[in-house]
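Close look at the chain arrangement
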Amino acid sequence: MNNLHRTLHFGALLVMAVTISCTPPPPITDAIVVDARTEHWQSQIAGAGPNAGVNVKTGDEITLAIDGKITYDRSLHGLRKDTSGPWGVRAPKPEAWCPEARIGALVWRIGDDGPCLSLDKVSGMTFTADRDGQLQFLVNDIKGGYGDNSGSFRVTVTIQRR
């Protein structure tokens, strides 16, 4: 928005002072429910139509608010159930979708080829997008081990465009 503050006339010389204020656009907020039983990346906005996801751009500031708990079988035989919040509870496993993140943790990536991110990889709940793409979420577990999981995480995503 341009505000013209004052115009001064000095003979043939015209001097103008202009103030330009740049107001960032309002933040975008959406919610995604991440089902612990689903063994694929999830990006569906809660209550939205098919293929409606959260698209981010390089430089966007993304804040996550995460609620919920999941349960998974740590023995792979239905004998020992663990309950986890978004941080996960078990040490990382090489056979998991995201081998560097804890089992049971909420993990995410930007785009189909972005690296896995988790609460251990970002400082706090806010991070900056390093690429353009759709924000995708998954509960980290051993590949093929999702059938005994239950629960979900509700992720509220707030994006401030930069």
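Scroll up for the structure.
As the structure is a prediction and not an experimental result, all values here were calculated from the model.

1. Concerning the overall build of the chain
In terms of helices and strands, the chain carries zero helices and eleven strands. Reading the secondary structure of the chain in the N-to-C direction produces β-β-β-β-β-β-β-β-β-β-β. For the chain, the residues scored as buried account for 38% of the 162 residues in total. Put simply, 62% of the contacts in the chain that link residues at least 6 apart link residues at least 24 apart. Carbon and sulfur atoms form 53% of the exposed surface of the chain, whose accessible area is close to 9,200 Å².

2. Focus: the nonpolar core
The biggest cluster of nonpolar side chains holds 28 residues, and the ones touching the most others in it are Ile62, Leu64, Leu135, Phe137, Val155 and Val157. By residue number, the principal contributor to this core is strand β5 (residues 61-73), which donates five residues. Other than its neighbours up to four places away in sequence, leucine 135 contacts Gln42, Ser43, Val54, Ile62, Trp108, Arg109, Ile110, Phe127 and Val157. Membership of the second largest hydrophobic core comes to six residues, among which are Trp41, Cys98, Val107 and Tyr146.

3. Notes on the sheet that holds strand β4 (residues 55-56)
Strand order in the open sheet formed by four strands is β4-β10-β7-β8, with antiparallel pairing between adjacent strands. The sheet is open, and its two edges are formed by β4 and β8 (117-118), each paired on a single side. Pairing of β4 with strand β10 (residues 133-139), which is carried by two bridges, proceeds in the antiparallel orientation. Bridging from a neighbouring strand, valine 56 pairs with glycine 133 of β10.

4. Some remarks on the pairing of strand β6 (residues 81-84)
Only one face of β6 is buried: it carries Asp82 and Ser84, and the other face, with Lys81 and Thr83, is open. Pairing of β5 with β6 involves four bridges; the strand directions are antiparallel. Its bridge partner being in β6, aspartate 73 is matched across the sheet by lysine 81.

5. A look at the state of the cysteines
Structurally, a disulfide amounts to a covalent bond that connects the sulfur atoms of two cysteines. Throughout the structure, instances matching the rule amount to one disulfide. The disulfide that involves cysteine 98 links it to cysteine 116, with 2.0 Å between the sulfurs. Judged by the sign of its S-S torsion, about -60°, the bond between cysteine 98 and cysteine 116 is left-handed. Residue cysteine 98 is found in the loop between β6 and β7 (106-110), and its partner cysteine 116 is found in the loop between β7 and β8; the two are separated by 18 residues along the sequence. Given the relative accessible area of 1%, cysteine 98 is considered buried.

Cut-off values and rules
Residues numbered from 1 in each chain as written. Predicted model: local features only at pLDDT ≥ 70, side-chain atom pairs only at ≥ 80, totals over all residues. Heavy atoms only, no water. Helix = DSSP H or I, 4+ residues; strand = E, 2+ residues; numbered from the N terminus. Buried < 20%, exposed > 50% of the residue type's maximum accessible area, 1.4 Å probe, protein only. Contact = heavy atoms within 4.5 Å. Areas by Shrake-Rupley, 256 points an atom, 1.4 Å probe, with all protein chains shown as cover. Core = buried A, V, L, I, M, F, W, Y, C linked by side-chain atoms within 4.5 Å. Pairing = 2+ DSSP bridges. Disulfide = S-S within 2.5 Å.

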